[in-house]
Amino acid sequence: MAKKALTLLIFFFFSLSLLHLALHAQAKAKHFGDDEDVWGYHDFRPLVRKTQRKSLVDNEYGQISAVNISDGIRGPYHIQFFTLEPNSLFLPVLLHADMVLFVHTGSGRLSYADEEETRSVHLRSADIFRLQTGSVFFVQSDLQPERESLRIYAMFSNTDDELFEPAIGAYSGFRNLVRGFDKVTLKQAFKVPDEVIESITSATDAEAIVHAIPSSKKEKKEKKEKKKKALWEMETRFLKAFLEDEESAAYNKKKKSGEGYNLFDAEPDFENCNGWSLTVNRKQAAHILKDTNVGLFMVNLTKGSMMGPHWNPKSTEIAIVLQGQGMVRVVCSSGPNKSKQECKNMRFRVKEGDVFAVPRFHPMAQISFNNDSLVFMGFTTTGVENHPQFLAGKQSILQTLDRDILALSFNVSNTTIDQLLAPQADSIILDCTSCAEKEERIMEEEIEKEKEEEETLLCSV
C-alpha cells in the first residue's frame, strides 16, 4: 500500500511539473522578455535579444557572434555580427553559403577571390555587399583617428538552391583547407622543401581575428628575430598578394560597377516629418544582389511615430535594431487551416542589438517611444520588389475596395466604414504619440494576468 501511495505521489508531482512547463511555454509563445530564449509555433523564433547571441570569437582584436532566427516557414536564417577593432584582421575563410553584408560603423577593406574575379573593395558605414558561395575572403579594419570599430552584419542565404547547413557552418578557416592533408600529400602538391611543410603543419592555431599585418620595415626586422612565422601571417600575405596583383588591379579599375552600394547615398522611398524608409533590391543594386534571394531595408522613426500597419506579400523581414527602442506589433495571418494554438498575435519591446522576424502576410507595426527614436535595418528573403501593403493612411489598400463590400466584411454600417476611411494627412509613417507606451502597458498587463491565471490553476490542482 505504501509503495502504491508513493507511486501516486510521484505521478502527481510529475504531472504538476508538466502542467507548469506547458503553462510557461504558452505564455512565452505570446510575450517575450529580455532574458528569455523564445520559441513559438513551428519553431517560429520571432525575437532574439542581443544578450542571446551565441559568441563565436571574443578577444582583444574583435568579436563575432551569431543568431538563428526563424519565421516558422523556412529557416533558420543565420546572421553573424562582426566587430573588428581598429587595425585588426579577420583571417581568410571559405564561404559555404551566399553572404549579404551591411556595414554599420567604421571602415576597412574586404578582399576576396571567387571563380570570376579577384579583387579588393573599401568598406564604409552603410555599405552593402554580397559574396557568393565558394568565395575566399578576409577583412581588415582601418586605423582611424577616432578609432571607431568596424561593425558588419551579415545574413547567409537559405534557399532550396543555396541552403545554409548548420552542421558545416557559414564558412571554414582557410588554413584548415591546407592543414587537413598529410605532410606527404602537401609536399607533393606544393613542391616545396620539408621545412616549409613542417612549419605549416606544426604552427599553432591562430584565432579568427588578429592584429593586422605590420609594416614592411618592421616585418623584415621581426623576420630576423623569429625563426618561425605565425601561420595566419603566411596565409594572409599569400592571399593578399594574390588579390592585389597588377592584373587584378587593372581589372578592378575598369569594373566600376562591381563596387559596393551605400544606403546613405540612396534617396529614401518615403520620407516625412515622422521618419523615412528605404528598400534595396535587385532593381536598385543589380551588380550586388543579382541572382540572390536577399534584399535590404532601413527605417528611421522619429520620436512618437509608427510605421503604419502593413504586411509583405513576398518576403519575411528580419530586422536588427541599430538605435533606440520601440514596440513591435505582429498580427497572426489566420486562415482556415490555422488553429488558435498554432498562431498568436504578438507584441514585444525591442532595443539596440535585438533581432526580430516577421513572416510574410503577417500584418505588423513598428512604433517608437515618445522619448526615443527607433532605427532598424534588415534583410528580406527576396531580392525582387516587395510592395508592402498598408492598412491605414492615404495609401491604405482598403481605399481601393468597394465600401459596401467592406461594410459586409466588417459587419458594420457603411457610415462606420466611411468614418474609418476618412481622408488622412499622412501615409506609410504616421504620427503616433504615446502609442508605444500604451502597447507596453497592455503587454505588461497581459503578462501579469497570465501569471495570475497560472498560479490559480496550479493552486486548484
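Residues numbered from 1 in each chain as written. Predicted model: local features only at pLDDT ≥ 70, side-chain atom pairs only at ≥ 80, totals over all residues. Heavy atoms only, no water.

With respect to the overall build of the protein
- Scanning the protein for helices and strands turns up 11 helices and 25 strands.
- When each of the 461 residues of the protein is scored for burial, the buried share is 46%.
- When the accessible area of the protein is evaluated, it comes to approximately 24500 Å², of which 54% is carbon and sulfur surface. (Helix = DSSP H or I, 4+ residues; strand = E, 2+ residues; numbered from the N terminus. Buried < 20%, exposed > 50% of the residue type's maximum accessible area, 1.4 Å probe, protein only. Areas by Shrake-Rupley, 256 points an atom, 1.4 Å probe, with all protein chains shown as cover.)

Brief notes about the sheet that holds strand β6 (residues 99-105)
- Strand order in this open sheet of 7 strands is β2-β3-β4-β11-β6-β9-β14, and the pairing throughout is antiparallel. With one partner strand each, in any of the chains shown, β2 (54-59) and β14 (261-262) form the two edges of the open sheet.
- As paired strands, β2 and strand β3 (residues 62-69) are joined by 5 bridges and run antiparallel to one another. Paired with valine 57 across the bridge in β3 is isoleucine 64. (Pairing = 2+ DSSP bridges.)

Structural notes on helix α11 (residues 435-460)
- Under the 1.5 Å per step criterion, the end-to-end length of α11 is 38 Å for 26 residues, consistent within 8% with the ideal 38 Å.
- Considered for burial, the residues of α11 that qualify are Ala436, Glu437, Glu439, Glu440, Met443 and Glu454. (Expected span 1.5 Å × (residues − 1).)

Points about the nonpolar core
- Counting residues in hydrophobic clusters, the biggest one holds 58 residues, and the most contacted among them are Phe90, Phe102, Leu110, Phe137, Tyr171, Leu263 and Met377.
- The dominant element in this core, judged by the number of residues it contributes, is strand β11 (residues 150-156), at 6 residues.
- The contacts of phenylalanine 102, once residues within four sequence positions are left out, are Ala126, Asp127, Ile128, Arg151, Ile152, Tyr153, Leu263, Leu296, Met298, Leu322 and Met377.
- With 21 residues, the next largest nonpolar core counts Phe297, Leu301, Ala319 and Phe376 among its residues. (Core = buried A, V, L, I, M, F, W, Y, C linked by side-chain atoms within 4.5 Å. Contact = heavy atoms within 4.5 Å.)

Considering the pairing of strand β19 (residues 317-330)
- Within β19, 11 of the 14 residues are buried, which leaves the element mostly enclosed by the surrounding structure.
- Two elements, β19 and strand β21 (residues 355-358), share 4 bridges in a ladder whose sense is antiparallel. The residue of β21 that forms the bridge with isoleucine 318 is alanine 357.
- Here β19 pairs with strand β23 (residues 374-380) via 7 bridges, running antiparallel. In the sheet register, glutamate 317 faces β23, and the bridge partner there is threonine 380.
- Relative to strand β20 (residues 346-351), β19 runs antiparallel, the two being bridged by 6 bridges. Bridge pairing in β20 places glutamine 325 opposite lysine 351.
- Where β19 and strand β22 (residues 364-368) come together, 5 bridges link them in antiparallel fashion. Note on β22: the bridge partner recorded for valine 330 is methionine 364.

Let's talk about the side chain of threonine 382
- One can find threonine 382 in the loop between β23 and β24 (389-390).
- For threonine 382, a relative accessible area of 12% gives the class buried.
- If near-sequence neighbours (up to four positions away) are discounted, threonine 382 is found in contact with Asn293, Val294, Gly295, Lys314 and Ser315.

Some details on the environment of leucine 301
- Looking at the element boundaries, leucine 301 is found in strand β17 (residues 295-301).
- Remark: the alpha-carbon pair of leucine 301 and asparagine 274, spanning 27 residues in sequence, is separated by 6.1 Å.
- Beyond its immediate sequence surroundings of up to four residues, leucine 301 is in contact with Asn274, Met306, Met307, Gln366, Ile367, Ser368, Ser373, Leu374, Phe376 and Ile429.

Quick word on the pattern of salt bridges
- For the structure shown, the criterion picks out 11 salt bridges.
- Aspartate 354 is the salt-bridge partner of arginine 49, the closest N and O atoms lying 2.7 Å from each other. Taken together, the residues span a long stretch of sequence, with arginine 49 in the loop between β1 (47-48) and β2 and aspartate 354 in the loop between β20 and β21 at a distance of 305 residues. Neither residue differs from the other here; arginine 49 and aspartate 354 are each classed as buried. (Salt bridge = Lys/Arg side-chain N within 4 Å of Asp/Glu carboxyl O.)

So, the side chain of histidine 104
- With respect to the secondary-structure elements, histidine 104 resides in strand β6.
- Residue classification places histidine 104 among the buried residues on the basis of a relative accessible area of 19%.
- Once residues lying within four places of it in the same chain are set aside, the contact partners of histidine 104 are Ser125, Arg151, Tyr153 and Leu322.

Side note on a negative patch on the surface
- On the surface, Glu448, Glu452, Glu453 and Glu455 cluster together to form a negatively charged patch.
- Turning to its location among the elements, glutamate 455 is positioned in helix α11. (Patch = residues over 30% accessible without salt bridge, like charges linked within 9 Å, V, L, I, M, F, W, Y side chains within 5 Å. Lys, Arg positive; Asp, Glu negative; His and termini not counted. Charge placed at Lys NZ, Arg CZ, Asp CG, Glu CD.)

Points about a nonpolar patch on the surface
- On the surface, a nonpolar cluster with roughly 260 Å² of combined accessible area is contributed by Phe410, Val412 and Leu420.
- When you line up the elements, phenylalanine 410 lands in helix α9 (residues 403-410).
- The class for phenylalanine 410 is partly exposed, based on a relative accessible area of 43%.

Remarks on helix α4 (residues 194-202)
- Buried residues of α4: Ile197, Ser199 and Ile200, and no others. Across the axial projection of α4, the buried residues extend over an arc of 160 degrees, all falling on one side. (Arc of directions from axis to C-beta.)

A closer look at the packing of helix α3 (residues 183-190) against α4
- At their nearest, the axes of α3 and α4 sit 10 Å apart, and the two run at 125 degrees to each other. By the angle class used here, α3 and α4 are oblique. Every pair of crossing elements has a handedness; the one defined by α3 and α4 is right-handed. The segment α3 lies against α4, with Lys183, Leu186 and Lys187 engaging Asp194, Ile197, Glu198 and Thr201. (Axes fitted to C-alpha atoms, helices over the stretch in contact; angles between N-to-C directions. Parallel < 35°, antiparallel > 145°, perpendicular 65-115°, else oblique. Left-handed = near helix turned anticlockwise from the far one by under 90°.)

Looking at the confidence of the model for the protein
- For the protein, the mean per-residue pLDDT works out to 80, and 75% of the residues sit at or above 70.
- Per-element mean pLDDT across the protein ranges from 42 in helix α7 (residues 246-254) up to 97 in β22.
- Counting contacts from residues 18-42, a segment whose pLDDT is below 50, to residues more than four positions away or on other chains yields 55 contacts.
- Across residues 245-258, confidence stays below pLDDT 50; counting only partners more than four residues off in sequence or on other chains, it has 13 contacts. (pLDDT = per-residue confidence, 0-100.)

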